[in-house]
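# Chain and residue survey
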Amino acid sequence: MNRVYIKTYGCQMNERDSEAVGAMLRRRGYSLVNNESDADVVLLNTCSVRDQAEQKAIGKTGYLAKRKRTDPNFVLGIMGCMAQNRGEELADRLPDLDLLVGTQKFHAVPDHLDYILETQKGLGPQPTTIVDLDAEEGSQNTIREHLADKPQVSTFVSIMQGCNMNCAFCIVPKTRGPERARPIEAILDEIEELVDGGTKEVTLLGQIVNSYGRREIPIRGGKSPFVQLLERIQEIKGIERIRFTSPHPRGFRQDLVEAYRDLSKLCEYVHLPAQSGSNRMLKLMNRPYSRERYLEIVDNLKSVFPDMYFSTDIIVGFPGEKEEDFEETVDLFQTVAYDMAFIFKYSIRSGTPAATMKDQVPQKLKEERNQRLLGLLEKSSLARNKSLIGTNQEILIEGKAKRGNLYRGKTRGFRTCLVPSSERLVGELVSVRIDRATASSLYGDLVLGGVDEIGSDELLLPEEI
Ligand code: SAM
């Protein structure tokens, strides 16, 4: 009766929240399974950023709810952003639901499940849906446990929760609440424990990660709390690489640009959401920067690292987006030549200012604009990967690739690389000579001493490389 399956929708932060819930449940004696049919309890950790994500989770809930009719002890819960966004409306619409848990209550899941399972044994009144959506002070500090069963070479670390921006399209401030930072020391302790478990690379997570600690931690020596945090992580022995996502162009100041110059572990890859290349659209979106300022940040970063890798988020078809606005986004796209991008078709989120704006863009046009940017992305991504052919790249080997007999890893620039390797090199930084490239992946062979290539049957131990 205690096998739990957690299905996650949405962003890396949701992945991280699910992992923390899994770890808390395991500590409480639950076991985690990899598919819903083996589970006594299914928890859906949901996303509200776009309507499609909500519809998927609602469809899944309806499907799973059927199982309750033949198996009344089956437990079904919804957690996270959609629970928070739609609240009790969901409980009314889906009466078979046992549990509805908001984004500040993930840590309460083990207690709620214990209670539900006890009542199934006849120990207490059987509840209808348990609804726990309140705000809770300090909840950002509860997302810290990790699953220790698989060595995690590259690990997400949540450094804060919430968002104080008011982007006209975005539901996140409603679902995640106001910005709250974890203390620097708590984050460092967590990372040191991760190093003991084999982590070599951390990705710091926050909705607006560069505004970390703005209210709680003073600026020191001209450095923002976020840069101070990066400097402290740089000092942790065993951590080889640092990444973060997502920063906001507002607040991407020179101290952060210079961190790329001064901190050797900070990888030369920046995910910098632009949303649009048109100043008119940025204003309507309530994004407090201009296209010129965005490009200035890109140039500043390139002056530190000429080959800096860039990725972004773009929304096409925001209300009022005219052809000339979209052309400015195309131009931005070509100017920056992004290595990676998430291109979203604008989705109406009820309760946000953009939901009631006039001049909503027809779906067909959104689709066309989306396809055009995807085409450009494929070209720039392929050009970047081809430019790496013949170079040696530092790869952090993360594990076995899904297909073939290859291992997968990432370059410092976040390009996926597939290489003949061995289990012994998982978690190691190796040098790889790139000899083939597609838009999505690099291929090559391990290099010894930066010169000789070696085949997979003559691999050396990590300390020998
Ligand atoms: N921290 C990021 C930033 O700079 O604002 C945003 C994180 S958000 C969860 C991820 C992305 O989803 C946004 O950058 C935006 O491109 C996209 N997004 C948010 N609301 C959307 C909507 N209503 N329709 C389509 N895409 C949306």
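Our subject is the structure listed above.
We now turn to the structure provided with this report. (Residues numbered from 1 in each chain as written. Predicted model: local features only at pLDDT ≥ 70, side-chain atom pairs only at ≥ 80, totals over all residues. Heavy atoms only, no water.)

### Some words on the site of the ligand
The full set close to the ligand counts 18 residues, and Gln207, Gln275, Arg287, Asp313 and Ser347 are the nearest of them. In the model, a nitrogen atom of the ligand is placed 3.0 Å from a nitrogen or oxygen of the Phe169 main chain. Gln275 is positioned with one of its side-chain polar atoms (N or O) 2.7 Å from an oxygen atom of the ligand. If the ligand stood free it would expose 580 Å²; the protein chains cover 93% of that surface. Considering only residue class, the shell around the ligand consists of 9 nonpolar, 4 polar and 5 charged. (Near = heavy atom within 4 Å. Polar contact = N/O pair within 3.5 Å; in protein donor to acceptor, adjacent residues only side chain to side chain. Areas by Shrake-Rupley, 256 points an atom, 1.4 Å probe, with all protein chains shown as cover. Nonpolar A, V, L, I, M, F, W, Y, C, P; charged D, E, K, R; others polar.)

### Remarks on the sheet that holds strand S2 (residues 31-32)
In space, the 6 strands of this open sheet follow the order S2-S1-S3-S4-S5-S6, with parallel pairing throughout. A single partner strand is all that each edge strand has here, and the edge strands are S2 and strand S6 (130-132). In this structure, strand S1 (residues 3-8) lies alongside strand S3 (residues 41-46), joined through 5 bridges in parallel fashion. When the bridges of S3 are listed, Lys7 appears paired with Leu44. Those strands touched by helix H1 (residues 12-27) are S1, S2, S3 and strand S4 (75-80), and its axis lies near 170° from that of S1. (Pairing = 2+ DSSP bridges. Helix = DSSP H or I, 4+ residues; strand = E, 2+ residues; numbered from the N terminus. Contact = heavy atoms within 4.5 Å. Axes fitted to C-alpha atoms, helices over the stretch in contact; angles between N-to-C directions.)

### A word on the packing of aromatic side chains
Within this structure, the stated rule accounts for 8 aromatic pairs. Where Phe244 meets Tyr260, the ring centres are 6.3 Å apart and the plane angle is 55°; that geometry is what we call tilted. Of the two residues, Phe244 sits in strand S11 (residues 241-245) while Tyr260 sits in helix H9 (residues 254-262), which places them 16 residues apart along the sequence. Centre to centre, the rings of Tyr289 and Tyr294 are 6.4 Å apart; their planes meet at 35°, and the pair counts as tilted. (Phe/Tyr/Trp six-rings, centres within 6.5 Å; stacked < 30°, edge-to-face > 60°.)

### Some words on the packing of helix H8 (residues 225-234) against H9
Relative orientation of the contacting elements H8 and H9 amounts to 15°, with a least axis distance of 9 Å. Considered as vectors, H8 and H9 are oriented roughly parallel to each other. Seen along the crossing, H8 lies across H9 with a hand that is left-handed. Here Phe226, Val227 and Leu230 of H8 lie close against H9, whose contacting residues are Asp255, Leu256 and Ala259. Looking at the contact of H8 with H9 residue by residue, the classes come out as 5 nonpolar, no polar and 1 charged. (Parallel < 35°, antiparallel > 145°, perpendicular 65-115°, else oblique. Left-handed = near helix turned anticlockwise from the far one by under 90°.)

### Quick notes on the side chain of Asn210
Here Asn210 shows up in the loop between strand S10 (201-205) and H8. Within polar-contact distance, the side chain of Asn210 engages the backbone nitrogen of His248 at 2.9 Å. Aside from chain neighbours lying at most four places away, what touches Asn210 is Phe226, Pro247, His248, Arg250, Gly251, Phe252 and Leu256.

### Things to note about the sheet that holds strand S14 (residues 340-345)
Strand order in the open sheet made by the 3 strands is S12-S13-S14, with parallel pairing throughout. With partners counted over all chains shown, the strands left at the sheet margins are strand S12 (269-271) and S14, one partner each. Mean inter-strand twist for the sheet, computed between neighbouring axes without regard to direction, equals 10°. Strand direction decides the pairing type here: strand S13 (residues 309-316) and S14, joined by 6 bridges, are parallel. Note that in S14 the partner of Ser311 across the bridge is Met340. With respect to the sheet, helix H12 (residues 323-336) is in contact with S13 and S14, its orientation differing from that of S13 by roughly 170°.

### Observations regarding the nonpolar core
Ile159, Leu204, Tyr212 and Leu230 are the most contacted members of the largest nonpolar core, which has 56 residues in total. The greatest single-element share of this core, amounting to 6 residues, is contributed by helix H7 (residues 184-196). Listed in part, the 23 residues of the second largest apolar core include Tyr9, Ala57, Ala65 and Ala91. (Core = buried A, V, L, I, M, F, W, Y, C linked by side-chain atoms within 4.5 Å. Buried < 20%, exposed > 50% of the residue type's maximum accessible area, 1.4 Å probe, protein only.)

### With respect to unusual backbone geometry
Cis geometry is adopted by the peptide bond preceding Ser246, which originates at Thr245 and carries an omega value of -10°. Mapping Ser246 onto the fold places it in the loop between S11 and H9. Unlike most non-glycine residues, Gln275 shows phi in positive territory, near 75°. Looking at the element boundaries, Gln275 is found in the loop between S12 and helix H10 (279-284). Backbone geometry at Asn286 places phi at a positive 60°, although glycine is not the residue there. Structurally, Asn286 is set in the loop between H10 and helix H11 (291-304). Taking relative accessible area as the criterion, Asn286 reaches 41% and is therefore assigned partly exposed.

### Topic: the pattern of salt bridges
This structure, assessed with the given rule, holds 42 salt bridges. For Arg214, the salt bridge is made with Glu179, and the minimal N-O distance between the two is 3.4 Å. Of this pair, Arg214 sits in the loop between S10 and H8 while Glu179 is found in the loop between helix H6 (172-176) and strand S9 (180-181), placing the two residues 35 residues apart along the sequence. Given the relative accessible area of 40%, Arg214 is considered partly exposed. We note a salt bridge from Glu190 to Arg182, for which the minimum N-O separation is 2.6 Å. Like Arg182, Glu190 is buried. Where salt bridges share partners, they join Asp51, Glu54, Arg86, Glu89 and Arg349 into one cluster. (Salt bridge = Lys/Arg side-chain N within 4 Å of Asp/Glu carboxyl O.)

Such coordinate-based values are descriptive only and should not be taken to indicate function.
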